[in-house]
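Below, each chain spelled out in residue letters.
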Amino acid sequence: MSRLNPKQAVVKLFDTAGTKLLSPPATGFGYFVNHGPRDQRKVALTFDDGPSRPCTEQLIEAMDALEVKGTFFCLGMNVRYNPDLLLEMYQAGHVIGNHSGWHSRKTGLMPGSNISHITAGEEAIREVIGVRPRFYRPPWGWLTPWEGKRLTKAGYTIIGWDVYTLDWVIPEVDGMTLAHDAYHATQPGSIFCFHDAKPWEKIWEKRETTRAVRTLVPMLRDQGYEFVTVAELLKMPAYR
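Treat the numbers as computed from the prediction; the structure is a model and nothing was measured.

### Here's the deal with the overall build of the chain
Scanning the chain from terminus to terminus reveals ten helices and eleven strands. Projected onto its principal axes, the C-alpha positions of the chain cover 50 × 45 × 40 Å. Taking all 240 residues of the chain together, the buried fraction comes to 50%. Long-range contacts, defined as pairs at least 24 residues apart, comprise 80% of the intrachain contacts of the chain with a sequence gap of at least 6. With the model as given, the accessible surface of the chain reaches about 11400 Å², and the carbon-plus-sulfur share is 57%.

Here you go:
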């Protein structure tokens, strides 16, 4: 078994600590909305990092066949790569949220009043669909108190999750495993965190998330669950 070099060890420690201290559902300093009402069997699928081709295309094709709408937290850089795909998603009834301009943890961790990393994503989305997203999910799910304040002041509702998947891992985790793990973690009102693409990649092959969704949706429908967007789950407008 290979050992981590000192730099890799420090990065791993930083990542582990950051995720434990700053990510949903346990943390976020009260700024995250991690789920909807617990008394209704409604759940929301969310996807980060897109859009990329062909992975996002394959996913929305599968969701269309399942008659499911999702909430996609899109990256400004990827939107500029694939504006026509974003417009297709929006026109199909999927909700579009902001996932920042370029997926940097550093900018969200920095104190101060600079929100260019937020507005860069917002503007890229607005230029394509003509409206500004209301929902935001920070890259890596890391949220500091000052970032929470900046986002709230800018008019955002910050969306976390209570069901997290490892579909971002490379090589990909098997879709059946992803689906069964998510199934066992589901509660009424759950918000699922999946990833439909890879940051900064215009072209990306990613098949197991689509496979997971194809498996998970029928399983939960058999248990009486209804799939809705985050806007429907929280009874909030999706755009500002």
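### What to know about a nonpolar patch on the surface
Residues Tyr164, Leu166 and Trp168 make up a contiguous nonpolar surface patch of about 320 Å² in total accessible area. Looking at the element boundaries, Tyr164 is found in strand β8 (residues 163-164).

### Overview of the pairing of strand β9 (residues 191-195)
Burial runs high along β9: five of the five residues are buried. Of the two faces of β9, both are covered, the one formed by Ile191, Cys193 and His195 as well as the one formed by Phe192 and Phe194. Where strand β2 (residues 42-48) and β9 come together, five bridges link them in parallel fashion. If you follow Ala44 over to β9, its bridge partner there is Ile191. Pairing of β8 with β9, which is carried by two bridges, proceeds in the parallel orientation.

Calculation notes
Residues numbered from 1 in each chain as written. Predicted model: local features only at pLDDT ≥ 70, side-chain atom pairs only at ≥ 80, totals over all residues. Heavy atoms only, no water. Helix = DSSP H or I, 4+ residues; strand = E, 2+ residues; numbered from the N terminus. Buried < 20%, exposed > 50% of the residue type's maximum accessible area, 1.4 Å probe, protein only. Contact = heavy atoms within 4.5 Å. Areas by Shrake-Rupley, 256 points an atom, 1.4 Å probe, with all protein chains shown as cover. Patch = residues over 30% accessible without salt bridge, like charges linked within 9 Å, V, L, I, M, F, W, Y side chains within 5 Å. Salt bridge = Lys/Arg side-chain N within 4 Å of Asp/Glu carboxyl O. Pairing = 2+ DSSP bridges.

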